[in-house]
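Structural description and commentary
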Amino acid sequence: MVLHNFIVFEGIDGSGTSTQIALLKNKLPNPGTLFTAEPTSLATGRFLRTLLRGDERLTPGTMAYLFAADRYEHVHAQDGILQTCADGGIVVSDRYFFSSLAYQSAECGRELPAKLNESFPLPEYLFYFDIEPSVSLNRITGRSVTEIYEKREFLEKTAAEYERIIGEYEKTAVGTGMKITRLDASESVAEVSENIWSILRNMPILNT
């Protein structure tokens, strides 16, 4: 099922999704737009962020379950994704289940993440930030804090999983109604922003 007016940005760490979310806030209606991210700011997401900092180590399978649980809250909680879209609003999320299919598949195999995430609704707009891991790592090294997945070998595996996943969804996009846009995330911030807005400015909800 495609959820109308639901927009998702996806890409490996350092691809620029958060930067573009911040820029988009100046272009979409406020109020009326929910800007959100995964892991969420809910209790489930806050716990996950402590794990991503490396405060504790859990098995890859447990991490896959925790990301799926946080996503369920993200979708179904009061004022969450489903409710906002049902009320006629727009939701923009920095990451969604495609991240689990990439990151957790790279760590614990493809079967479990696929099973845990098969029932979540598809976004209407999916923007995939395509970038070489070496370029994204150069960006990450400038951060004061890094996370457990921000290592070259792992990001290379994750990028390969993303390529596989996005390719699979591209084959079925016409049938599902999901609109997939690949972005060259190595371009300038301004160029990527304009490429995104060239798609979103035509959303029916913005032109009624």
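For the structure, see preceding data.
Owing to the predicted nature of the structure, the values given are computational and were not obtained by experimental measurement.

1. What about helix H9 (residues 189–200)?
- Taking 1.5 Å per residue, 12 residues should reach 16 Å; H9 reaches 17 Å between its end C-alpha atoms and fits that length.
- All buried positions along H9 are accounted for by Val-192, Ser-193, Ile-196, Trp-197 and Leu-200. All buried residues of H9 fall inside an arc of 130 degrees around its axis, so they share one side.
- Where H9 is buried, its residues meet strand S1 (2–10), helix H1 (17–24), strand S4 (122–130) and strand S5 (179–184).

2. Remarks on the pairing of S4
- Most of S4 is tucked away: eight of the nine residues are buried.
- Where S1 lies against S4, six bridges are found, and the strand directions are parallel. In the strand pairing of S4, Phe-9 is matched with Phe-127.
- With six bridges connecting them, S4 and S5 associate as parallel partners. Paired with Asp-130 across the bridge in S5 is Asp-184.

3. A look at the layout of surface pockets
- Estimates place the volume of the second largest pocket at around 190 Å³.
- For the lining of the second largest pocket, the secondary structure elements donating two or more residues are helix H5 (97–108) and helix H8 (152–176).
- The leading source of residues in the lining of the second largest pocket is H8, at four residues.
- Considering only residue class, the lining of the second largest pocket consists of seven nonpolar, two polar and four charged.

Cut-offs applied
- The residue numbers shown here count from 1 along each chain, following its written sequence.
- A pLDDT threshold of at least 70 governs which residues receive local features in this predicted model, and a stricter bar of 80 or more applies before side-chain atom pairs are shown or counted, although totals over entire chains, interfaces and linings include all residues.
- For side-chain calculations, the full set of non-hydrogen atoms in the structure is used, while hydrogens and water are omitted.
- Note on conventions: DSSP H or I runs of at least 4 residues are helices, E runs of at least 2 residues are strands, and numbering of each starts at the N terminus.
- Given the number of residues in a helix, its expected span is that number minus one, multiplied by 1.5 Å.
- The classification of residues rests on relative accessible area computed with a 1.4 Å probe and restricted to protein chains. Under 20% of the type maximum is buried, over 50% is exposed, and intermediate values are partly exposed.
- For this quantity, the arc is that covered by the directions from the helix axis to the C-beta atoms.
- Only heavy atoms enter the contact rule, under which two residues are in contact if any of them lie within 4.5 Å.
- For two strands to be treated as a pair, DSSP must find no fewer than two bridges joining them.
- Using only the protein atoms, space was sampled on a 1 Å grid; points where a 1.4 Å probe fits but cannot get out form cavities, open sets with protein on both sides within 12 Å along at least five of seven lines form pockets, and lining residues are those with an atom within 4 Å of a point.
- Grid points are joined across faces, edges and corners, and a volume is the space filled by probe spheres set on the points.
- Lys, Arg, Asp and Glu make up the charged group, whereas Ala, Val, Leu, Ile, Met, Phe, Trp, Tyr, Cys and Pro make up the nonpolar group; the residues left over, Gly among them, are polar.

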